[in-house]
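# Examining the three-dimensional arrangement
Each chain, letter by letter, is given below.
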Amino acid sequence: GKPVTRYLIRRVLVSIPTVFLVVTLVFLAFRVIPGDPAQMYAGEQATRETLEQVRKELGLDKPVHIQYVEYLKNLARGDLGRSYITRRPVIVEISTRFANTVRLSLAAISLAVVTGLTMGIIAAVKQERFWDYLFSILALVGISTPVFWLALILMYIFSLRLHILPTAGNQTWKHYLMPTF
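Let me begin by describing the structure that accompanies this report. No experiment lies behind these values; they were computed from the predicted model shown.

It is the contact of helix α5 (residues 90-125) with helix α6 (residues 130-144), at a shortest axis distance of 8 Å, that shows an interaxial angle of 145 degrees. As for how α5 packs across α6, the hand of that crossing is left-handed. Contacts between α5 and α6 involve Met-119, Ile-122 and Ala-123 from the first element and Trp-131, Asp-132, Phe-135 and Leu-138 from the second.

In structure tokens, the structure reads:
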């Protein structure tokens, strides 16, 4: 009804300045990080003339406020620019990885839901008994463990020591096991 509609309108109105702020911070971040984007794009051996040409091509020769307005216009059109590394459009770079991201996300969410519900139900049924305490401790350890550390430990054990799982790639279901976990 009306409260839900009002809530959704309010959320959309609040998200507009948030998105604008994030877009602005991203723009500014790329202007203050060390390194010359033209140098990265053209390569280390680029001549001064080549660098000037690349700066002009990328619009880096214009004042920052003009660059910002053009950045906003391009974003509004869905143009995310070109990758400095591959020189392909950023939207192409994102789209080539999107399917794997969705697959991995769905697998991780499914595992979290099934594990969480199962442990939660068992802990509720066996309240203040062994399983309740065990699952509470496991949940606390799971939330407290840094993901990057756990990933390194799992890779060391299952890939480098036991040779059960691959360290990288996405060719088979085995490649998704560690990132899903």
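Having seen it, we continue.
As a further point, take the side chain of Thr-145. Following the sequence through the fold, Thr-145 ends up in the loop between α6 and α7 (147-161). Given the relative accessible area of 19%, Thr-145 is considered buried. Only 2.6 Å separates the side chain of Thr-145 from the backbone oxygen of Val-141, close enough to count as a polar contact.

Turning our attention to the side chain of Gln-67. As for its position among the elements, Gln-67 is in helix α4 (residues 64-76). Not counting chain neighbours up to four residues away, the residues in contact with Gln-67 comprise Phe-27, Arg-31, Gly-59, Leu-60 and Lys-62.

With that out of the way, let us pick up the packing of aromatic side chains. The tally for this structure, following the rule as stated, stands at four aromatic pairs. Measuring from centroid to centroid gives 5.2 Å for Phe-130 and Trp-131, while their planes differ by 75 degrees, and the two rings are edge-to-face. Of the residues examined, Phe-130 reaches a relative accessible area of 54% and is grouped as exposed. Of the residues examined, Trp-131 reaches a relative accessible area of 41% and is grouped as partly exposed. Seen from their ring centres, Trp-131 and Phe-135 are 5.6 Å apart, and the 35 degrees between their planes marks the pair as tilted. Here Trp-131 and its partner Phe-135 are both found in helix α6, four residues apart, which amounts to about one turn of the helix. On the basis of relative accessibility, which here comes to 12%, the residue Phe-135 falls in the buried class. Three or more aromatic residues link up through ring pairs in this structure, and these residues are Phe-27, Tyr-68 and Tyr-71. In this structure, Arg-87 is placed above the aromatic ring of Tyr-41, and the distance from its NZ or CZ to the ring centre is 4.7 Å.

Under the criterion given, the structure shown has five salt bridges. Note that Glu-52 is salt-bridged to Arg-55, the shortest N-O span being 3.1 Å. One end of the pair, Glu-52, and the other, Arg-55, are both in helix α3 (residues 48-58), three residues apart, so they sit about a helical turn from each other. Since its relative accessible area comes to 46%, Glu-52 is described here as partly exposed. Here Glu-93 and Arg-97 are joined by a salt bridge, their closest N and O atoms 2.8 Å apart. Placement of the pair is Glu-93 and Arg-97 together in helix α5, with a separation of four residues, close to one helical turn. With relative accessibility at 12%, the residue Glu-93 sits in the buried group. By sharing partners, the salt bridges in this structure join Asp-36, Glu-52 and Arg-55 into a single network.

Rules used throughout
Residues numbered from 1 in each chain as written. Predicted model: local features only at pLDDT ≥ 70, side-chain atom pairs only at ≥ 80, totals over all residues. Heavy atoms only, no water. Axes fitted to C-alpha atoms, helices over the stretch in contact; angles between N-to-C directions. Helix = DSSP H or I, 4+ residues; strand = E, 2+ residues; numbered from the N terminus. Left-handed = near helix turned anticlockwise from the far one by under 90°. Contact = heavy atoms within 4.5 Å. Buried < 20%, exposed > 50% of the residue type's maximum accessible area, 1.4 Å probe, protein only. Polar contact = N/O pair within 3.5 Å; in protein donor to acceptor, adjacent residues only side chain to side chain. Phe/Tyr/Trp six-rings, centres within 6.5 Å; stacked < 30°, edge-to-face > 60°. Lys NZ or Arg CZ within 6 Å of the ring centre and 35° of its normal. Salt bridge = Lys/Arg side-chain N within 4 Å of Asp/Glu carboxyl O.

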